[in-house]
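Architecture and fold: a report
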Amino acid sequence: MENLPRFTAAAVQASPVYLDPDATVDKAVSLIHEAAGNGARLVVLPEVFVPGYPYWNWTMNPVQGSPWFERLWRASIEVPGPQVDALRSAARQAGAVVVIGVNERAPHSLGVLYNTLLTIDADGELLGVHRKLVPTWAEKLTWTGGDGSSLRVHRTAVGPLGSLACGENTNTLARFALLAQGELVHTAGYIALPVAPEDYDMADAIAVRTAAHSFEGKVFSVVACSTLSPEIVDLIAGEDDGVRAMLARKRSALSGIFGPDGRPVTEPLVDDEGIVYGEIDLGRCIQPKQMHDIVGHYNRFDVFQLHVDNRPRSPLAFAVDPATTRPDPFGTDRTASKEEA
């Protein structure tokens, strides 16, 4: 008999130590151990938790925000790198699958940052590095879009797991691509967003998106959102009372765990820092899928087909590996022979 995993999941709602990657990773490690100490085998932390979200994109014009981009670039991390190693070690020691958002520096350009989700298995293996496909609205001033190579479901200690960042959770085709790979556990990273239009309720928006994916796919979803600490507000608002008032808006963050019926399995957490725990039994996904399985019998694959280009994208492709060539004195490159090399 097939025994599907049953486990406790933890959704972390917290503020980073803003623009301080090492201190934020230390905080993340502490939160991972705290959640695991309370029985969690899956710990999900917010979008770009390391080292924080570029709120200046929404409160300053691009010229004013450019020095802040440089600050974020300098505070961002490399993947792989020492901060990732610390997170992998924490996951291994805690025996928990960890999903966490980071700002990732590109290896090829000083102008490229990625909004990246890391998926780390319970043995510390880095399984996934998903770069947000499309930065949302003002975020395009900071992040470069990723490619389809990271749109994958990973076989983890808690089951088949997929992840998307914030606005990606409204991208129907991205969500379907994960569901069609057998996703049963969906994780979503968000940031507190009090800078949207005044009639936009971020907490409601997160809940609607999460419930929709869980209900449509008949999966469990764990959503983790950041908060704004007083230090972040002080740094971004400065002497601008209007910006300070905007950043203080309520219902800008929600974290929680939703079941395959689209309902929360426990009360979500709104605005405050904390950890939400919920019980996940993947066996609960079976009977709902008999009724309505959009990646199975409740689809017409003779009518609808989704093609995903999962090739990694690079700014440069050499026809010949440059390590095997050397300049030709007659003006043309030639491949070095073994005798010449």
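Placed above this text is the structure.
Cut-offs used in this document
Residues numbered from 1 in each chain as written. Predicted model: local features only at pLDDT ≥ 70, side-chain atom pairs only at ≥ 80, totals over all residues. Heavy atoms only, no water. Pairing = 2+ DSSP bridges. Helix = DSSP H or I, 4+ residues; strand = E, 2+ residues; numbered from the N terminus. Axes fitted to C-alpha atoms, helices over the stretch in contact; angles between N-to-C directions. Contact = heavy atoms within 4.5 Å. Salt bridge = Lys/Arg side-chain N within 4 Å of Asp/Glu carboxyl O. Buried < 20%, exposed > 50% of the residue type's maximum accessible area, 1.4 Å probe, protein only. Expected span 1.5 Å × (residues − 1). Phe/Tyr/Trp six-rings, centres within 6.5 Å; stacked < 30°, edge-to-face > 60°. Lys NZ or Arg CZ within 6 Å of the ring centre and 35° of its normal. Polar contact = N/O pair within 3.5 Å; in protein donor to acceptor, adjacent residues only side chain to side chain. Core = buried A, V, L, I, M, F, W, Y, C linked by side-chain atoms within 4.5 Å.

Turning our eyes to something else, we now look at the sheet that holds strand 4 (residues 113-120). Here six strands make up an open sheet; going across it, the order is 5-4-3-2-1-12 and the pairing mixed. Each edge of the open sheet is held by one strand with a lone partner, namely strand 5 (126-131) and strand 12 (274-281). Here the strands of the sheet are splayed against their neighbours by 25 degrees on average, with no regard to which way each runs. Here strand 1 (residues 6-13) pairs with strand 12 via eight bridges, running antiparallel. Opposite Gln13, over in strand 12, you have Gly274 as the bridge partner. In the packing of helix 4 (residues 82-94) onto the sheet, the strands contacted are strand 3 (97-105), strand 4 and strand 5, and the crossing angle to strand 4 comes to about 25 degrees.

Glancing now at the pattern of salt bridges. This structure, assessed with the given rule, holds 18 salt bridges. For Asp309, the salt bridge goes to Arg311, with nearest N and O atoms at 2.7 Å. With a relative accessible area of 35%, Asp309 lands in the partly exposed category. Through salt bridges that share partners, Glu47, Lys132 and Glu139 make up one connected network.

Turning our eyes to something else, we now look at the pairing of strand 3. Side-chain positions along a regular strand alternate between the two faces of the sheet. Extensive coverage of strand 3 is indicated by the burial of nine of its nine residues. Of the two faces of strand 3, the one carrying Val97, Val99, Gly101, Asn103 and Arg105 and the one carrying Val98, Ile100, Val102 and Glu104 are both buried. When strand 2 (residues 40-44) meets strand 3, the two strands line up parallel, connected through three bridges. Residue pairing in the sheet places Val43 in a bridge with Val98 of strand 3. In this sheet, strand 4 lies alongside strand 3 in antiparallel orientation, the contact comprising eight bridges. Residue pairing for strand 4: Asn103 is matched across the bridge by Asn115.

With that settled, consider helix 3 (residues 62-75). The terminal C-alpha atoms of helix 3 lie 19 Å apart, and with 14 residues this matches the ideal 20 Å at 1.5 Å per residue to within 8%. Looking at helix 3, one finds that the buried residues are Gly65, Trp68, Phe69, Leu72, Trp73 and Ala75. Buried residues belonging to helix 3 abut helix 1 (21-37), helix 2 (56-59), strand 3, strand 4 and helix 7 (230-237).

For the structure shown, the criterion picks out four aromatic pairs. Note on Trp58 and Trp137: the rings are 5.3 Å apart at their centroids and 85 degrees apart in plane angle, and the pair reads as edge-to-face. You can see Trp58 sitting in helix 2 and its partner Trp137 sitting in the loop between strand 5 and strand 6 (154-156), a full 79 residues away along the chain. What makes Trp137 exposed here is its relative accessible area of 58%. Taken together, the aromatic side chains of Tyr53, Tyr55 and Trp143 make up a single cluster linked through ring pairs. In this structure, Arg131 is placed above the aromatic ring of Tyr114, and the distance from its NZ or CZ to the ring centre is 3.9 Å.

As a further point, take the side chain of His154. As for its position among the elements, His154 is in strand 6. Residue classification places His154 among the buried residues on the basis of a relative accessible area of 8%. Residue contacts for His154: discarding those within four places in its chain leaves Thr119, Leu127, Gly128, Gly159, Pro160 and Leu161.

Mapped onto the fold, Glu47 is located in the loop between strand 2 and helix 2. On the basis of relative accessibility, which here comes to 1%, the residue Glu47 falls in the buried class. A polar side-chain atom of Glu47 sits 3.4 Å from the main-chain amide nitrogen of Ile191. Discounting chain neighbours no more than four positions away, the residues touching Glu47 are Gly101, Asn115, Lys132, Ala165, Cys166, Gly189, Tyr190, Ile191 and Ala224.

Our next topic: the nonpolar core. Membership of the largest hydrophobic core comes to 40 residues, with the highest contact counts inside it found for Tyr53, Tyr55, Trp56, Tyr190, Leu193, Ile236 and Leu247. Residue contributions to this core peak at five residues, all from helix 3. Apart from the residues within four sequence positions on either side, Trp56 is in contact with Tyr18, Leu19, Gly65, Trp68, Phe69, Leu72, Thr142 and Ile236. Counting residues in each nonpolar core, the second largest holds 29 residues, with Ala10, Leu31, Ala35 and Val98 among its members.

Cis geometry marks the peptide bond from Val50 to Pro51; its omega dihedral reads -10 degrees. Structurally, Pro51 is set in the loop between strand 2 and helix 2. In this structure, the amide linkage connecting Val79 to the following residue, Pro80, adopts the cis form with an omega of 0 degrees. We note that Cys166 has phi near 50 degrees; this positive angle belongs to a residue other than glycine. Topologically, Cys166 is positioned in the loop between strand 7 (159-165) and helix 5 (172-179).

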